[in-house]
Amino acid sequence: MHAMQTKLEDFRDYRRVHKPPKVQEKCQLEINFNTLQTKLRLSNRPAFMPSEGKMVSDIANAWKGLEQVEKGYEEWLLTEIRRLERVDHLAEKFKQKCSLHETWTSGKEELLAMKDYESASLMEVRALMRKHEAFESDLAAHQDRVEQIAAIAQELNELDFFDSVTINARCQAICDQWDNLGTLTQKRRDSLERVEKLWETIDQLYLEFAKRAAPFNNWMDGAMEDLQDMFIVHSIEEIQSLITAHDQFKATLPEADKERMATLGIQNEVVKIAQTYGIKLLAENPYTSLSLQDINNKWEAVKQLVPMRDQMLQEEVARQQSNERLRRQFAAQANIIGPWIQTKMEEISHVSIDIAGSLEEQMSNLKQYEQNIVNYKSNIDKLEGDHQLSQEGLIFDNKHTNYTMEHIRVGWEQLLTTIARTINEVENQILTRDAKGISQEQLNEFRASFNHFDRKRNGMMDPDDFRACLISMGYDLGEVEFARIMTLVDSNNTSVVTFQAFIDFMTRETAETDTAEQVMASFRILASDKTYIMVDELRRELPPEQAEYCISRMTKYIGSDAPAGALDYISFSSALYGESDL
C-alpha cells in the first residue's frame, strides 16, 4: 500500500510539475510552426515540411496517446489502491473476528469435558441441562461467525493477500476447534440426559412426599393454632358452639393419622430405592424442608393439646353459667326499678301541674314522694352491687332486660333532681303568694293558664307558647315588646318560661298597672267630664302614638247627646282590662 501511494504521489507530481512546461513547449512549437508557414507563404516561398514523424499532427497524436496512457495509469493506480485497501480491511476484519471467536471458545472445551453432573441432584442436573441448552443456542449463534471467518479467508486468497499462509493456518485451527466443540457438546448432552433419567424416579417420590406432607403439615399447624387459640365468649350458646366444633375436630383425628402414615410411607420408599441401587441421597428433600421427624413431633403435639382444650372449654362452660345467673339476677331487679323510676317521674310531674288543693297540700305530697324515693335507695345500691359483679365477670350485655346500669343511674339522678326542683318550685310559689298577697284562686288561675299553653306538658313553655298565652290575655305584642318581656321571664336565655317565672311576671304586671277605673277617670278629665271623647281631644292631649292607638280601638259612642265622631272611652277602658265582653 505504501509503495502504491508513493507511485500515486509521483504521478501527481508529474501532472503538477513536469507536464505543464511540456504543454507550454508544445503550444509554442505550434505557434512557431504557424508563424513560419505564414511568413513563407507571404514571401512566396514553399511551405516548410518537417521530417516524417515530426509534423505538428504527429506531435498532437503523440500527445493524445500520452494522455490516454496517463489516464490508464491513473486508473490502474486507483484500482490497485482500492484493492489493497480492501485486502487490508479484510485482513483486519479477519483478525478481529478470529480474536472474538478465540476469546469466546477459550475454556469451552474444558467446560464441556467436566463431569460435574455425576455428584449433582436432579434439580442440579436439570439446571445443568438448561445451562447446556443455553450453551448449545450460543454455539449455534456463533456458527455464522465461523462461516464468516472462512469466507474472509477465501476472499483474501482470491485477492492474493501476501500473508495468506498465516490466514489459512489460523482459519483451519478455528474450524478444527469448532468441530471438536460440536463433538464435546453432543457427548455432554448424552451424559446429562442419562443422569437425569436416573434421578427421575427418586425425584418423583420426593415430589409426591412434598405434595402430601405440606398440606398435612399445614393442617397440623392450623390444628395446633386452633387448640391454643384464646377464645372470648359471652353466652352459654357461644361456648356450646365451640364445644361442638371441638368434638367435630376430634372425630377427624383417625383419618388424619392414616394420612400421616401414608406420607411417611413415601419417604421410606425413597430410602429403600437408594439402598438398593447405592444412590447417595441428598441431605433433605429438594421440594420441602419437612422431614419425618418434623411430622411425628407435630402429631404428638396435637395429641397432647386435645385434652388441654377439653379442660379449657369445660372451665369456660362453668364461668358462663355463673355469668348467666348474674344476668338474670340483675335483670330481675332492673325490670322492677326502671319502671318504678318512670312511674315516680310521671307522678311528680302530675303533682307539679295539678291545680287541685293548696300549695301546702302539694308540698306535703311532694315531701312524701321524696321520703319514698330516699327509702328506695337501698334497691339502687343492691343493683349497683350486682352490676359490679357483672363488670368483674366481664359481662357487657344482658338479653333479659332493656335497662342498663347507666340507664338506671341517669333515671335515678333525674328523679332526685326532679323532686328537689319541684319542691323548690312549690316553696317559691308559697313565698311569692305570701309576699304579694296572691290568693289560692289566683294561683289556680295562673296554673290553669300556664297548663293550657304548656303543650309539651313538661312544666315549661317555649317562646311561641308564651306569646300565645300573652295574646290571649289581651297583650298587644310587637317584636320589641315581646323581646323585652322575654328578658324578664328568661334572664338566663334558656328559651323556656317556667311556672315560677310566669307567676313573677303576672304578679309584677298586676302590681304595676292602673285599674280600669283609674284609666276611665283620666279619660273623663281629658273629655271635660263628658261620657264621650272627641278625636281632636285625644290628639291634642296625648302623644301621637298613644292617640292613634286609642282612636283605632275605641268604638263609636252611642247616645242622643253625642256629636258626630264621638268615641266611647268607658267601654274601651273596660275591654282593655278584661272586665267587659268587648
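Residues numbered from 1 in each chain as written. Predicted model: local features only at pLDDT ≥ 70, side-chain atom pairs only at ≥ 80, totals over all residues. Heavy atoms only, no water.

*Asks:* Help me understand the side chain of Asp490, please; the structure alone is not making it clear to me.
*Replies:* Locating Asp490 in the fold gives a position in the loop between α15 (479–489) and β2 (497–498). The residues contacting Asp490, other than those within four sequence positions of it, are Ser495 and Val496. (Helix = DSSP H or I, 4+ residues; strand = E, 2+ residues; numbered from the N terminus. Contact = heavy atoms within 4.5 Å.)

*Asks:* I keep staring at the UniProt feature "coiled-coil region" (unreviewed entry) in the protein chain and nothing clicks. Help me out?
*Replies:* Mapped onto this numbering, the UniProt entry annotates "coiled-coil region" (unreviewed entry) at residues 125–159 and 359–386. Helix makes up 94% of residues 125–159 and strand 0%. Its end C-alpha atoms lie 50 Å apart. (UniProt positions renumbered as here; feature names shortened; annotations may be inferred.)

*Asks:* So what exactly am I meant to see when it comes to the packing of helix α2 (residues 56–105) against helix α6 (residues 164–228) here?
*Replies:* Put simply, α2 and α6 touch, their axes get as near as 11 Å, and they point 30 degrees apart. Accordingly, the angle class assigned to the pair α2 and α6 is roughly parallel. For the pair α2 and α6, the crossing hand works out as left-handed. Packed against α2, whose contacting residues are Phe94, Lys95, Cys98, Ser99, His101, Glu102, Trp104 and Thr105, the element α6 presents Ile167, Arg170, Cys171, Ile174, Gln177, Trp178 and Leu181 at the interface. (Axes fitted to C-alpha atoms, helices over the stretch in contact; angles between N-to-C directions. Parallel < 35°, antiparallel > 145°, perpendicular 65-115°, else oblique. Left-handed = near helix turned anticlockwise from the far one by under 90°.)

*Asks:* What should I look at first to understand the packing of helix α14 (residues 463–472) against α15 in this one?
*Replies:* For any two helices packed against each other, the geometry is given by the interaxial angle and the distance between the axes. Here α14 crosses α15 at 110 degrees, and the two axes come no closer than 12 Å. Relative to α15, α14 is oriented roughly perpendicular. Judged by the sense of rotation from one axis to the other, the crossing of α14 with α15 is right-handed. When α14 is examined against α15, the residues Pro463, Phe466, Arg467 and Leu470 are found in contact with a partner set consisting of Glu479, Phe482, Ile485, Met486 and Val489. Tallied by class, the residues present in the contact of α14 with α15 amount to seven nonpolar, no polar and two charged. (Nonpolar A, V, L, I, M, F, W, Y, C, P; charged D, E, K, R; others polar.)

*Asks:* Got a minute to help me understand unusual backbone geometry in this structure?
*Replies:* Phi is mostly negative for residues that are not glycine, and the peptide bonds are mostly trans. Even without a glycine there, the phi angle at Asn44 is positive, about 60 degrees. Examined against the element boundaries, Asn44 turns out to sit in the loop between α1 (2–42) and α2. Its identity is not glycine, yet Ser528 carries a phi of approximately 60 degrees, on the positive side. Tracing the backbone shows Ser528 in the loop between α17 (516–526) and α18 (535–541).

*Asks:* How do you make sense of the pattern of salt bridges when you look at a structure like this?
*Replies:* One side chain can pair with another of opposite charge once the charged atoms of both are near each other. Overall, the coordinates contain 34 salt bridges when judged by the stated rule. Here Lys250 and Asp310 are joined by a salt bridge, their closest N and O atoms 3.4 Å apart. Here Asp310 lies in helix α9 (residues 292–353) and Lys250 lies in helix α7 (residues 236–251), a separation of 60 residues in the sequence. Residue Lys250 is classed as partly exposed on the basis of its relative accessible area, which comes to 29%. A residue is classified by how much of its surface remains accessible, and Asp310, at 25% relative accessible area, is partly exposed. The salt bridge partner of Asp465 is Arg455, with a shortest N-O separation of 2.6 Å. Taken together, the residues span a long stretch of sequence, with Asp465 in helix α14 and Arg455 in the loop between α13 (440–453) and β1 (460–461) at a distance of ten residues. Owing to a relative accessible area of 58%, Arg455 belongs among the exposed residues under this scheme. A cluster of three or more residues bridged by salt bridges with shared partners is formed by Glu133, Glu136, Arg189 and Glu193. (Salt bridge = Lys/Arg side-chain N within 4 Å of Asp/Glu carboxyl O. Buried < 20%, exposed > 50% of the residue type's maximum accessible area, 1.4 Å probe, protein only.)

*Asks:* It is not clear to me how α15 should be interpreted in this structure. Could you clarify?
*Replies:* Along an α-helix, residues three or four apart share an orientation, since each turn contains 3.6 residues. Taken as a whole, α15 has its buried residues at Phe482, Ile485, Met486 and Val489. Axial view of α15: buried residues confined to an arc of 105 degrees, hence all on one face. Pointing more than 90 degrees away from the buried face of α15 are the exposed residues Val480 and Thr487. (Arc of directions from axis to C-beta.)

*Asks:* Just to check I follow, could you spell out the nonpolar core for this structure?
*Replies:* A general trend in soluble globular proteins is that nonpolar side chains are found buried together. Counting residues in hydrophobic clusters, the biggest one holds 42 residues, and the most contacted among them are Ile341, Trp412, Met461, Phe466, Val497 and Phe502. Of all the elements in the fold, those that place two or more residues in this core are α9, α10 (359–375), α11 (377–392), α12 (405–436), α13, α14, α15 and α16 (499–512). Discounting chain neighbours no more than four positions away, the residues touching Met461 are Phe450, Phe453, Asp454, Phe466, Cys469, Ser495, Val496, Val497 and Phe502. Within the second largest apolar cluster, 17 residues are counted, among which are Phe209, Met220, Leu227 and Leu253. (Core = buried A, V, L, I, M, F, W, Y, C linked by side-chain atoms within 4.5 Å.)

*Asks:* Is there a simple way to explain α10 in this structure?
*Replies:* If you check α10, its first and last C-alpha atoms are 24 Å apart, about what 17 residues at 1.5 Å a residue would give, namely 24 Å. Listed as buried for α10 are Leu359, Gln362, Met363, Leu366, Tyr369 and Ile373. The buried residues of α10 occupy an angular sector of 120 degrees when the element is viewed end-on, so they sit on one face. (Expected span 1.5 Å × (residues − 1).)

*Asks:* Any chance you could explain the packing of aromatic side chains here in plain terms?
*Replies:* Here the distance between the centres and the angle between the planes together describe a pair of aromatic rings. Taken as a whole and assessed by the stated rule, the structure comprises 16 aromatic pairs. An angle of 40 degrees between the planes, with centres 6.4 Å apart, marks the rings of Trp104 and Trp178 as tilted. In this pair, Trp104 sits in helix α2 while Trp178 sits in helix α6, placing the two residues 74 residues apart along the sequence. Judged by its relative accessible area of 12%, Trp104 is buried. With a centroid separation of 5.9 Å and 25 degrees between ring planes, the pair formed by Trp219 and Phe249 is classed as stacked. Here the residue Trp219 occupies a position in helix α6, and Phe249 occupies one in helix α7, the gap between them amounting to 30 residues. Residue classification places Trp219 among the partly exposed residues on the basis of a relative accessible area of 28%. On the accessibility criterion, Phe249 (17% relative accessible area) is buried. An aromatic cluster is built from Phe11, Tyr14, Tyr73 and Trp76, whose rings are joined through pairwise contacts. The cationic tip of Arg467 hangs over the ring face of Phe482; the distance from NZ or CZ to the ring centre is 4.2 Å. (Phe/Tyr/Trp six-rings, centres within 6.5 Å; stacked < 30°, edge-to-face > 60°. Lys NZ or Arg CZ within 6 Å of the ring centre and 35° of its normal.)

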